[in-house]
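Chain and residue survey
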Amino acid sequence: MPVPRGFQFFMHPGPTNIPQRVLLAMARPAVDFTAPEFVASRDRSLERMKGILKTKSGFLVTYAASGNGAWDASIANLFSPGDKVLVPTTGYFADRWATTARQYGLEVELVSTPERHTVDPDAVARHLAADNKGAIKAVMLVQNETATGMRHPVAEVRAAMNHVAHPALYLVDTISSLASYDFRMDEWGVDVVIGGSQKGLMLPPGMSFTAINARAWQAAQSARNPRRYWDWKELVEDGRQVRFCGTPPIAHFYGLEVSLDMIEEEGLENVFARHRRLANATRACVRHWGQGGGLEIYSLEPEAASDSLTAVIVPAGHDADRVREIASNRYGVALGRGLAALQGRVFRIGHMGDLNEPMVLGALAAIELALGDAGVPHARGGVEAAMDSLRAPATARKAPVAA
Ligand code: PLP
């Protein structure tokens, strides 16, 4: 390992960079977590989170746990052994959620999605239409499949469920999309949202949540799956979370207050626009590298390529992990690896959270150097293509801010 000098660029698709302001806010002594000041701050943040989820009717239940914990919570609270759920296959994370459901004794029916394509809402509708006994209790969709860098059609799947008038609950995992691009819990009819701290919210890993609406709360009343740590009935009173099973993640709440300040100061829609701009620049760069064959963006549907990360396929006979190793060891840029079947076949560039243009351009330049060193064929000049993508049209450019 070389001696690190200067900034090390952390370009993983989660966890992501933690802003100084958040780190400083978290560096506080322990407090009594039942004290009114802490409870007031916690409650304020839970209320503000509803703005990010675009919900008025849903409410959050948070856990001292990573995102996997929120998966467990959703399954433990909503279902009974033997219940059936429908999972559109999107990649590694949908597979893991399905495995979790099986481990809780659920029967999982998969809707298969062709590799490098988005979930087909009509296929979901066909499965539901064939379920004339109402055995399927829920559809579980990953909005942003972090393994492939693809966004899946949340509103369209809800429309398909409505089209066949199926009463299944709708659960959506937003772990790598929340606060990076749009999500509308109420408008899109999502009953349960799964979220985590360590991506768009710019916090360390270790806090996750489920947001639930009245239908989900109702379903939880008769569900018989075993649960303790996650039990909503223990954690919630009068439609809001009032306690934790054990000690809450106090420091995360201090950090969340500041990360919500930062998001609100920038404006949620501006946060989305920044993610889109940085994602477009990254995609322009990768497309340039891949001119004439070779490197490719994983998503074959341009509109479905994620704004929070880009998964890049390396040509056959080359090793994506070698590129990652060189990028990290020689140039100080950490990239995400390919997961499960995609290991060695893809590397993933995270571009979500606390990032700006020079960070992305710097990382892309280092990746281009690493591609050269690893002998992966590519067209040089990807960074120039990224810069072209970032050059605002003259009419849209704002006057420079005075120093
Ligand atoms: N769902 C998605 C889409 C994810 O990207 C991740 C983690 O990256 C998880 C679930 C699991 O979350 P965690 O690793 O925080 O347990």
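In the block above lies the structure referred to throughout.
Structural notes, computed from the coordinates. (Residues numbered from 1 in each chain as written. Predicted model: local features only at pLDDT ≥ 70, side-chain atom pairs only at ≥ 80, totals over all residues. Heavy atoms only, no water.)

Focus on the nonpolar core
Rules: Only buried residues count toward a nonpolar core. Its members are Ala, Val, Leu, Ile, Met, Phe, Trp, Tyr and Cys residues joined through side-chain atoms within 4.5 Å. Relative accessible area decides the class of each residue, using a 1.4 Å probe on protein chains only: under 20% of the type maximum gives buried, over 50% gives exposed, and in between gives partly exposed. Per the convention used, a helix needs a DSSP run of H or I reaching at least four residues, while a strand needs a run of E reaching at least two, with both numbered from the N terminus. The contact rule is simple, with two residues in contact once any of their heavy atoms fall within 4.5 Å.
Counting 49 residues, the largest nonpolar core has M49, V139, Y170, F183 and V190 as its most contacted members. With 8 residues, the single largest contributor to this core is helix 9 (residues 250-266). In contact with F183, other than residues within four places in its own chain, are I52, L53, K54, Q143, V154, V172, T174, W188, V190 and V193. One finds A70, W71, I75 and L169 within the second-largest nonpolar core, a separate group that totals 35 residues.

Remarks on the pairing of strand 16 (residues 346-350)
Side-chain positions along a regular strand alternate between the two faces of the sheet. Heads up, the rule is: Two strands qualify as a pair provided DSSP detects at least 2 bridges between them.
For strand 16, a buried count of 5 out of 5 residues is recorded, marking the element as mostly surrounded by other parts of the structure. Every second residue of strand 16 is oriented toward a common face, with V346, R348 and G350 on one face and F347 and I349 on the other, all of them buried. Here strand 14 (residues 309-313) pairs with strand 16 via 5 bridges, running antiparallel. Each bridged residue has a counterpart across the sheet, and for T310 the counterpart in strand 16 is I349. Where strand 15 (residues 333-337) meets strand 16, 2 bridges bridge the pair, whose relative direction is antiparallel. Note that in strand 16 the partner of G336 across the bridge is R348.

Some words on the site of the ligand
Rules: Nearness of a residue to a molecule or strand requires only that one of the residue's heavy atoms be within 4 Å of it. By the criterion applied in these results, polar contacts are pairs of N or O atoms within 3.5 Å in which, for protein atoms, one can donate a hydrogen and the other can accept it, and in which residues neighboring in sequence qualify only through two side-chain atoms. For every accessible area listed, the method is Shrake-Rupley and the probe measures 1.4 Å; residues are considered covered only by the protein chains on display. Using only the protein atoms, space was sampled on a 1 Å grid; points where a 1.4 Å probe fits but cannot get out form cavities, open sets with protein on both sides within 12 Å along at least five of seven lines form pockets, and lining residues are those with an atom within 4 Å of a point. For a molecule to be placed in a cavity or pocket, more than half of its atoms must lie within 2 Å of the grid points of that cavity or pocket.
Contacts to the ligand come from 13 residues, most closely from S66, N68, T146, D173 and K199. At a separation of 2.8 Å, an oxygen atom of the ligand approaches a polar backbone atom of G67. K199 is positioned with one of its side-chain polar atoms (N or O) 2.7 Å from an oxygen atom of the ligand. Taking 390 Å² as the accessible area of the ligand by itself, protein coverage stands at 88%. When atoms are counted within 2 Å of each cavity's grid points, the one that captures over half of the ligand is the largest pocket. Counting residues per element, the shell around the ligand draws most heavily on helix 3 (residues 67-78), which supplies 3 residues.

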